[in-house]
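Notes for the structure review
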Amino acid sequence: MPTRGTTWAVRALGAAVALTLVAGACSSDDDASSDPPTTTTAAVPSTLAPPEGLPAFYGVPDPLPAGEPGDLIAAEQIEVPEVEGTTWRVMYHSESTLGDDIAVTGLVMAPEGPAPDGGWPIITWAHGTTGIADECAPSLEPGDLAPLANPLLARGYAVTATDYEGMGTPGRHPYIAGESEARGTIDIVRAADELDADLELSDRYLVWGHSQGGHAAMFTLDIGEQWAPELDQVGVVAGAPPSQLLLINAALQTSPFRYYIAMAAAGLNAAYGDEAAPLDEVLTPEGLEFLDTVDDGCTAELREAAADIEDFSTLQLADPADVPAWNELLVANDPGSFDTARDAPLLIIHGGEDEQIPVASSALLFDQLCAIGQVVQRWVYPDQTHAGVILPSSGDMLRWIDDRFAGEPAPDPYQPVGPPVPETQSCPPV
């Protein structure tokens, strides 16, 4: 086990290495198709037309009926041949960062057959970056989730998967706004419980997310006990979670993922409003114009559009870290700023050759969490890239998840075996 300490991590984080770590990180550069999947039931009537190109199901009732976070608004069972279980598309109530009642969409998947005593335990999946446009909502292509969902369904877990606020529903997606991501990820667990009288679900759940989803997972750890006290969060798995957000800007200027700068600006402005997150203090007129591209394209289009801009710094008026209002928001949305340990144990997974989130950033995050007494483990898989680490780590991760639901103590005595065998760190409570 490597020595904890941050000296090597600080050195590794310096200059440009300090962050390709995106304010939001990407799971893939493949954008979601807007072609609607086949459904087995008619769409729920709505007085608000769905976003252009999306199925009628995504039309949000107007006015939105009253409801609490997690209350189900609409649901339809859909045929997804790739998924080895039953799948529903759902719309449910959540709450924006500003306190507004909003509609959020996502997917619920359940194993076939009778549930165990106490109901199916739940894994709620927080997705990585797909873009912020409505057409980038993952629930539009439920078959794409099958490689992640099927191993969980086979082990007897139900799976929920939020689209997050503003993806497929009104408003701009609050990209990298941690509390918004976390609320949507938790509230879909509540919504699943209202889905079908014959669907027996446990009140025990675990959160798994990678990249932007790792960021979301971290914030479910932070708010879960207070936001949903009726649920039992047994653990959190955060793959390549973005942190150290004050350091991102310089590295992203020449990175292939530099469009994350514009996505983060748009997302935090959507979360907190013009007064708290004034766009004209960080973006030039050209930068503000580029937000039209951000609103319309998924990651593949955004990467192509950013590559066509010879000097991306012309889009920025100032480094957000140097603007007081934006500095405050970056700190508030950085999981390294957590000041209180939570009961649920945490597992951080990282590829040693991550090209988007430098591995040194999670080393710093690990030390920051240890300092507050959080039960946390960190597994670094050598030679694995940002997305490439998911498959090699999956067997070890599933064993860790099984132990959480089995009530095994944490830090987990199980040592991951790979291959490749990761470097491991564990931090028990102080």
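Note that the structure is a prediction, hence the values are computed from the model and not measured.

1. Considerations on the state of the cysteines
All chains considered together, the criterion is met by 2 disulfides. The disulfide bridge from Cys 136 ends at Cys 298, spanning 2.0 Å between sulfur atoms. Measuring handedness by torsion sign, the sulfur bridge of Cys 136 and Cys 298 sits at about -110° and is left-handed. Linking Cys 136 in the loop between strand S4 (120-126) and helix H2 (146-154) with Cys 298 in the loop between helix H7 (285-296) and helix H8 (299-307), this pair joins segments that are 162 residues apart in sequence. The side chain of Cys 370 participates in a disulfide bridge whose partner is Cys 427; the two sulfur atoms lie 2.4 Å from each other.

2. A look at the sheet that holds strand S6 (residues 201-210)
The strand order across the open sheet built from 10 strands is S1-S2-S3-S5-S4-S6-S7-S8-S9-S10, with neighbouring strands paired in mixed fashion. The open sheet has two edge strands with one neighbour each: strand S1 (72-78) and strand S10 (423-427). The average angle at which neighbouring strand axes cross in this sheet is 20°, direction not considered. Both strand S8 (residues 346-351) and strand S9 (residues 376-381) contribute to a ladder of 6 bridges, which runs parallel. If you follow His 350 over to S9, its bridge partner there is Val 380. Its contacts with the sheet put helix H10 (residues 359-371) on S8, S9 and S10, and the angle it makes with S9 is roughly 165°. On the sheet, helix H11 (residues 390-405) packs against S4, S6, strand S7 (232-239), S8 and S9 and is oriented at approximately 150° with respect to S6.

3. Notes on the pattern of salt bridges
Taken as a whole and judged by the stated rule, the model has 11 salt bridges. With a closest N to O distance of 2.7 Å, Glu 76 and Arg 89 form a salt bridge. Of this pair, Glu 76 sits in strand S1 while Arg 89 sits in strand S2 (residues 86-95), and the two are 13 residues apart along the sequence. Neither residue differs from the other here; Glu 76 and Arg 89 are each classed as buried. Here Asp 232 makes a salt bridge to Arg 204, at a shortest N to O gap of 3.8 Å.

4. Remarks on the packing of helix H6 (residues 259-276) against H7
Following both chains from N to C, one finds H6 and H7 inclined at 90°, their axes separated by 10 Å at the closest point. On the basis of their axis angle, the class for H6 and H7 is roughly perpendicular. On H7, the residues that touch Tyr 259, Ala 262, Met 263 and Ala 266 of H6 are Phe 290, Leu 291 and Val 294. In the contact of H6 with H7, the residues fall into 7 nonpolar, no polar and no charged.

5. Topic: the confidence of the model for the chain
For the chain, the mean per-residue pLDDT works out to 89, and 89% of the residues sit at or above 70. Long-range and interchain partners of residues 1-46, a stretch whose pLDDT sits below 50, account for 150 contacts in this model, where long-range means more than four residues apart.

6. A word on the side chain of Gln 377
Mapping Gln 377 onto the fold places it in strand S9. Taking the relative accessible area as the measure of exposure, Gln 377 reaches 2% and is therefore buried. Gln 377 has contacts with Leu 346, Leu 347, Ile 348, Phe 366, Trp 400, Pro 411, Asp 412, Gln 425 and Ser 426, leaving out every residue within four places of it along the chain.

7. So, the environment of Trp 120
Structurally, Trp 120 can be placed in strand S4. Once the C-alpha coordinates of Trp 120 and Ser 202 are considered, the two residues, 82 residues apart in sequence, prove to be 5.3 Å apart.

8. A look at the packing of aromatic side chains
This model, assessed by the stated rule, comprises 7 aromatic pairs. Between Phe 57 and Tyr 58, the ring centres sit 5.8 Å apart and the planes meet at 85°, which makes this aromatic pair edge-to-face. Measuring from centroid to centroid gives 5.1 Å for Phe 219 and Phe 338, while their planes differ by 90°, and the two rings are edge-to-face. Of the two residues, Phe 219 sits in helix H4 (residues 212-227) while Phe 338 sits in the loop between helix H9 (324-332) and S8, which places them 119 residues apart along the sequence. Note on Phe 219: relative accessible area 4%, which makes it buried. For Phe 338, a relative accessible area of 10% corresponds to the buried category. Every member of this aromatic cluster is reached through a ring pair, and the members are Phe 257, Tyr 259 and Tyr 260. The ring of Trp 400 is capped by Arg 404, whose NZ or CZ atom sits 4.6 Å from the centre of that ring.

Definitions and cut-offs
Residues numbered from 1 in each chain as written. Predicted model: local features only at pLDDT ≥ 70, side-chain atom pairs only at ≥ 80, totals over all residues. Heavy atoms only, no water. Disulfide = S-S within 2.5 Å. Helix = DSSP H or I, 4+ residues; strand = E, 2+ residues; numbered from the N terminus. Pairing = 2+ DSSP bridges. Axes fitted to C-alpha atoms, helices over the stretch in contact; angles between N-to-C directions. Contact = heavy atoms within 4.5 Å. Salt bridge = Lys/Arg side-chain N within 4 Å of Asp/Glu carboxyl O. Buried < 20%, exposed > 50% of the residue type's maximum accessible area, 1.4 Å probe, protein only. Parallel < 35°, antiparallel > 145°, perpendicular 65-115°, else oblique. Nonpolar A, V, L, I, M, F, W, Y, C, P; charged D, E, K, R; others polar. pLDDT = per-residue confidence, 0-100. Phe/Tyr/Trp six-rings, centres within 6.5 Å; stacked < 30°, edge-to-face > 60°. Lys NZ or Arg CZ within 6 Å of the ring centre and 35° of its normal.

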